[in-house]
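A structural walkthrough
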Amino acid sequence: MKQYLTCTEEVRHALENNQPVVALETTIISHGMPYPQNIEMAKEVERIIRDNGAVPATIGIMNGKIKIGLTEAELEEFATNKSVEKVSRRDFPYILASGKIGATTVAATMIAAQLSGIRVFATGGIGGVHREGEITWDVSADLTELAQTNVAVVCAGAKSILDLGRTLEYLETHGVPVVGYRTAEFPSFFARESGFGVDFRLDTPEEVATLMDTKWQLGLNGGLVIANPVPEADALNHREIEAVIEQALAEAKEKGITGKQVTPFLLDRVKQLTAGKSLQTNIALVKHNAEVAAKIAVAYHAKKN
Ligand code: PSU
Ligand code: MN
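Please read all numbers here as calculations on a predicted model, not as lab measurements.

Thresholds, definitions, all that
- Residues numbered from 1 in each chain as written.
- Chains lettered and ligands numbered in written order.
- Predicted model: local features only at pLDDT ≥ 70, side-chain atom pairs only at ≥ 80, totals over all residues.
- Helix = DSSP H or I, 4+ residues; strand = E, 2+ residues; numbered from the N terminus.
- Rg over C-alpha atoms; globule rule 2.2 N^0.38 Å.
- Contact = placed C-beta atoms within 7 Å.
- UniProt positions renumbered as here; feature names shortened; annotations may be inferred.
- Buried ≥ 20, exposed ≤ 12 C-beta atoms within 10 Å, placed from the backbone.
- Pairing = 2+ DSSP bridges.
- Near = placed C-beta within 6 Å.
- Nonpolar A, V, L, I, M, F, W, Y, C, P; charged D, E, K, R; others polar.
- Expected span 1.5 Å × (residues − 1).

In this section: the overall build of the protein. Each helix and strand counted, the protein has 13 helices and 11 strands in total. Over its C-alpha atoms the protein spans a radius of gyration of 18 Å, differing by no more than 12% from the 19 Å that the globule rule assigns to 305 residues. A principal-axis box enclosing the C-alpha atoms of the protein has dimensions of 50 × 40 × 35 Å. Sequence separation of at least 24 residues holds for 75% of the intrachain contacts in the protein that already meet a minimum separation of 6.

So, about the UniProt feature "binding site: Mn(2+)" (unreviewed entry) in the protein. As recorded in UniProt, the sites labelled "binding site: Mn(2+)" (unreviewed entry) are Asp138. On the secondary structure map, Asp138 appears in the loop between helix 7 (133-136) and helix 8 (141-146). Exposure remark for Asp138: the 20 C-beta atoms within 10 Å place this residue in the buried category. Residues in contact with Asp138, not counting those within four places in the same chain, are His130, Gly133 and Val262.

Time to look at the pairing of strand 4 (residues 65-68). Summarising the sheet, strand 1 (residues 5-7) and strand 4 pair through 3 bridges and their orientation is parallel. Note on strand 4: the bridge partner recorded for Cys7 is Ile68. Count of turn residues in the strand 3 (residues 55-62)/strand 4 antiparallel hairpin: 2 residues, of which Asn63 carries a positive phi of about 50 degrees.

Neighbouring ligand 1 are 18 residues; Gly32, Val106, Gly125, Gly127 and Ser140 lie closest to it. Of all the secondary structure elements, the ones that give two or more residues to the shell around ligand 1 are helix 2 (27-30), helix 8 and helix 12 (262-273). Looking at side-chain class alone, the shell around ligand 1 contains 5 nonpolar, 9 polar and 4 charged residues.

Bringing the UniProt feature "active site" (unreviewed entry) in the protein into the picture now. Here the UniProt-annotated "active site" (unreviewed entry) positions come out as Glu25 and Lys159. Looking at the secondary structure, you find Glu25 in the loop between strand 2 (21-24) and helix 2. Excluding its chain neighbours within four sequence positions, the residues that come into contact with Glu25 are Ile59, Thr104, Thr105, Val106, Thr109 and Thr123. In this fold, Lys159 is placed in the loop between strand 8 (152-155) and helix 9 (164-173). Setting aside residues up to four positions removed in sequence, Lys159 forms contacts with Gly125, Ser188 and Phe189.

The topology assignment puts Val244 in helix 11 (residues 238-255). Sequence-wise, Val244 and Ile161 are 83 residues apart; in three dimensions their C-alpha atoms are separated by 9.6 Å.

Further remarks concern helix 12. In this model, helix 12 (12 residues) spans 16 Å end to end at C-alpha, consistent with the 16 Å of a helix rising 1.5 Å per residue. Along its buried surface, helix 12 packs onto helix 11 and helix 13 (277-304). Backbone geometry just downstream of helix 12 places Ala275 in the positive-phi region, at approximately 55 degrees.

Here the amide bond leading from Tyr35 into Pro36 is cis, since omega sits at 5 degrees, within 30 degrees of zero. Within the secondary structure, Pro36 is located in the loop between helix 2 and helix 3 (37-51). The backbone phi angle of Asn63 is positive, close to 50 degrees, even though this residue is not glycine. Relative to the assigned elements, Asn63 resides in the loop between strand 3 and strand 4.

Here strand 8 shows no split at all, with Ala152 and Val154 on one side and Val153 and Cys155 on the other all buried. Of the strand pairs in this sheet, strand 7 (residues 120-122) and strand 8 are connected by 3 bridges, and their pairing is parallel. For Val120, the partnering residue across the bridge sits in strand 8 and is Ala152. Where strand 8 lies against strand 11 (residues 224-227), 4 bridges are found, and the strand directions are parallel. Residue pairing across strands places Ala152 opposite Leu224, the latter belonging to strand 11.

This is the structure we're talking about:
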């Protein structure tokens, strides 16, 4: 797959000189947020990573290549082009082979990060087991990727559009440590609480870096979930958001939405139903994740070099 990779000069230089790099996904830009907030968020997040001593590598697929790092014009393309496809592990070969433009999910970004030697990835929320997943079998490929690909994913937990209990059970079965960054409770994206605990609470980037290194030194392949709650000032009320999510789920069911359309549909409805309030929270938590991810990348590199 390496022949399909191309890096920007900045990322190539960083990787060759063993500098800390943080991967970023494009699905969040193309399918997770509206324009122009998406492009503003994408640029801001890159700036935050640079300010914290790491190099950002936003990942996407264009013209038969996996791009590790995007130019401003390319970021703009992902933010505005309506024909950008959502690419998870399953879609990877088709999008490359057809030369189409594809935004990478958590799973696809992890694959590209591992191929290029990037160990830390910042995003908003991971996919998981959907509610009623025991009937529909709708389980995000993010989970199977976390089970096998060596990347630490810094996120604000997962949205309660998912069945968080089953999501955590799945991760346990597949040996994925769920770390609470300065929290003992698994955050639920918009809210800092969920009612579920994490496996291990860690309070510093160095502790996280040591855990990553120990896991991989042991040959225990797979990712880690670093769950970083949304800052208090930007958090939404758990109960309030729950009512909105129930409504969005009912609508998805009524409309017969299935497959990879489910997550974007729910995200969009939640945004509309909260009159954009959720978008502000979404942007704030991604920025916070970028900062923590950069610090973890710096600590991990200090350990390895
Ligand atoms: N959850 C969010 N925001 C997102 C996504 C998930 O709160 O933008 C995106 C991510 O790219 C994630 C993908 O990897 O949706 C999961 O989609 P699916 O459930 O179809 O695997
Ligand atoms: Mn799905």
